[in-house]
Structure formats: C-alpha cells, structure tokens
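Breakdown of the fold
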Amino acid sequence: MKELLNHSFEFGKLHLTFGSLVLFTISLVISWIVVKLMTKLLYKALNSRNVDSGKAYAITRIVKYVLYIIFLAISLQFLHLKLQGLLLGASALLIGVGIGLQQIFYDLFAGLLMLFERKVQVGDYVDIDGMVGRVDKIDMRTSVVRSMDNISVIVPNSKLISENVINWSHNRGLARFSIMVGVQYGSDTEKVRDVLIECAGNIEKILNKPAPTVQFKSFGDSTLNFKLLFWSRHFKEIETIKSELHFAVDSAFRANNIVIAFPQMDVHLKRDY
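We now turn to the structure provided with this report. For clarity, every value in this text was computed on a predicted model and none was experimentally measured.

Turning next to the overall build of the protein. Helix and strand counts for the protein stand at 8 helices and 10 strands. Sorting the 273 residues of the protein into buried and exposed places 32% on the buried side. Put simply, 60% of the contacts in the protein that link residues at least 6 apart link residues at least 24 apart. Carbon and sulfur atoms make up 59% of the accessible area of the protein, which amounts to about 18,300 Å² in all.

Laid out in structure tokens, this is it:
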C-alpha cells in the first residue's frame, strides 16, 4: 500500500505521487461539502434576520466563490506545487485563451458585477426584449429567467447589464401602463375619453390613485388615436389586465355607438367615354 501511494508520475516538469493525487481529490470533495454546508447555513442565517432574498442570495454567492478559491489553493498544496509559478503559467494561458473566449469572460465578469451591484436580483421581474419573467437564478456566466408561460430561459449575464432591461421590481410597487385605441372620424372625442376612463375604473387591478388618464395622441390616416394610461401593482398579470381592459372597451364602445376604426382606402375608377 505504501509503495502504491509513493508511486510517482511525471508530466513534463511536474512530479506527482499517487498519494498526493488521492489527498488532492479527498481535499476537493471535503471542500465541496464544507462550502455547501457553510453557504446553506449562511443563507438561512440571513433569512432569519429578514434580509432581502435577493441580497441574501448575492452575499451567499460571493462568499461561495471566495471559499472555493481559498479551498482550491489549500488543496493544491497537497500536490506540492509552487503557486507563484502556477499563477504565472496560468496567467499566460488565460491571456491566450481569453482572446478566443472574450464573450465567455465578459459573461463571467457580468455575473460578478450583478452580484455586487444587485441591479438585477433573484426574485425580480424583468422585461428582456419583450419577454417578461422572474429571475430564478444568477450563476457566474448565465442567469435563469422563468417566463410567464413557466418556461426557463437561459440568458447570458452580459445581456442583463449591457442592454436595456426593464426591472419591474424597482418601480416601488407600482408602474404605469397603456393601451392604444383608434376611433373613426366624427366620433365625440370627449365621450370617447369618458368611456375609456370609466372602463379602466371598472377593472379591479387598475389603481384609482393615481387615476387613469386619456391622451388624444394624433389624427391618423383613418383614425382618431387615443392612449389610455393607467397604474397597477400587478406586474406579473399585466397582459391579462390589458386583455380585460380591451374586452371592456370594446363592449362599452358598442353600447355607446362609438366605432373602432380600421384602415380604409377609397378607390376612384376613371372611365373614358
């Protein structure tokens, strides 16, 4: 057994023994278990002190990465490696690899930046390119966003910090939304405004304060264009709320003889006699 543990391997200038490899492997396994337990206890401790879930997740992740680096450095000691030389060699390798993997490193840096800045946190509702969803997980390179259709979408972290991302959770609990309506020329514009405000007031999840408002936006080619603006706290259900509002507007317009316009074209035929 002793001879087996002392059996050596050579990889270029690197001299290793079977025993050092066993100790290195055991150290990695123990490190993984310890980090898992420590971060789990830390997360529970933060939650017990009523720390915001997004903040608790960010702190736990940062501590987890730091612990992994520390334990990896300790584990490497069993291989009797000189860390200074290893770091110099690794830095040269990373420069070469980094040229070809710039986007991956950018995503890794973005992941760390998100955990420190916490502009986007776990539990936030975000709008990315028209897709609204809840941030379920933030890893080093990618994040998992669960859409309203309960579909998990893998999003590169760089997309969440370099592009225009709407974070509904930063809106202090309420935000303003709108729908557009076009009616035919000749309609009573004041009546249109009153009916739209009444429709919004009848939807339970639309706030009365701030009150809904209507803007007369423009004279279109075939329509008089109005914009109904309203406030709500129910970001997750906003598409359903807009749908209910569309139904209510259509029904109210029919009852009040207001015609929703559609594009029309007059064709004049010229006849030669």
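Attention now moves to the nonpolar core. Judged by nonpolar contacts, the single largest core of 28 residues is most densely connected at V183, L196, F230, L245, V249 and F253. The element best represented in this core is helix α8 (residues 238-255), accounting for 6 residues. Sequence-distant contacts of L196, that is, excluding residues within four places in its chain, are made with V181, V214, F226, L228, V249 and F253. If you look at the next biggest cluster of nonpolar residues, it comprises 13 residues, including Y65, V126, I138 and V155.

Time to look at the pairing of strand β9 (residues 213-219). One ladder, built from 6 bridges, connects β9 with strand β10 (residues 224-232); its direction is antiparallel. Bridge pairing in β10 links F219 to L224. Connecting the antiparallel pair β9 and β10 is a turn made up of 4 residues.

So, about the packing of aromatic side chains. The final tally for this structure, using the stated rule, is 3 aromatic pairs. Ring geometry for F216 and F219: centres 5.1 Å apart, planes at 50°, overall tilted. When its relative accessible area of 37% is taken as the criterion, F216 is described as partly exposed. Centroid distance F216 to F226: 4.6 Å. Interplanar angle 25°. Geometry classified as stacked. With F216 in strand β9 and F226 in strand β10, the pair connects residues that are 10 residues apart, well separated along the chain. Exposure remark for F226: the relative accessible area of 2% places this residue in the buried category. Taken together, the ring pairs in this structure connect F216, F219 and F226 into an aromatic cluster.

Along an α-helix, residues three or four positions apart point the same way, because every turn accommodates 3.6 residues. Here helix α7 (residues 189-201) contains 13 residues, and its C-alpha end-to-end distance of 19 Å stays within 8% of the 18 Å for a straight helix at 1.5 Å per residue. Along its buried surface, α7 packs onto β8 (175-183), β9, β10 and α8.

Right, let's get into the pattern of salt bridges. The final tally for this structure, using the stated rule, is 7 salt bridges. R193 is the salt-bridge partner of D194, the closest N and O atoms lying 3.4 Å from each other. Given the relative accessible area of 44%, D194 is considered partly exposed. Take R193: its relative accessible area is 35%, and that puts it in the partly exposed class. Close ionic contact of R254 with D250 constitutes a salt bridge, the shortest N to O distance being 3.0 Å. Taken together, the positions of R254 and D250, both in helix α8 and 4 residues apart, correspond to about one turn of that helix.

Here the focus is the sheet that holds strand β4 (residues 131-138). Ordered by their spatial adjacency, 5 strands build an open sheet running β6-β5-β4-β3-β7, and the pairing between neighbours is antiparallel. Here the strands that pair on one side only, and so sit at the sheet edges, are β6 (152-156) and β7 (166-167). Here strand β3 (residues 125-128) runs beside β7; their pairing, made up of 2 bridges, is antiparallel. Bridging across to β7, V126 finds its partner in N167.

The subject of this paragraph is the sheet that holds β9. Read from one edge of the open sheet, 3 strands run β8-β10-β9, paired in antiparallel fashion. With partners counted over all chains shown, the strands left at the sheet margins are β8 and β9, one partner each. Each adjacent strand pair in this sheet contributes to an overall mean axis angle of 25°, direction not counted. Looking at chain direction, β8 and β10 are connected through 9 bridges and run antiparallel. When the bridges of β10 are listed, V183 appears paired with L224. Contacts between α7 and the sheet are confined to β8, β9 and β10, with β10 contributing the most and set at about 25° to the helix. The strands touched by α8 within the sheet are β8 and β10, with β8 carrying the most contacts at an inclination of about 35°.

Conventions and cut-offs
Residues numbered from 1 in each chain as written. Predicted model: local features only at pLDDT ≥ 70, side-chain atom pairs only at ≥ 80, totals over all residues. Heavy atoms only, no water. Helix = DSSP H or I, 4+ residues; strand = E, 2+ residues; numbered from the N terminus. Buried < 20%, exposed > 50% of the residue type's maximum accessible area, 1.4 Å probe, protein only. Contact = heavy atoms within 4.5 Å. Areas by Shrake-Rupley, 256 points an atom, 1.4 Å probe, with all protein chains shown as cover. Core = buried A, V, L, I, M, F, W, Y, C linked by side-chain atoms within 4.5 Å. Pairing = 2+ DSSP bridges. Phe/Tyr/Trp six-rings, centres within 6.5 Å; stacked < 30°, edge-to-face > 60°. Expected span 1.5 Å × (residues − 1). Salt bridge = Lys/Arg side-chain N within 4 Å of Asp/Glu carboxyl O. Axes fitted to C-alpha atoms, helices over the stretch in contact; angles between N-to-C directions.

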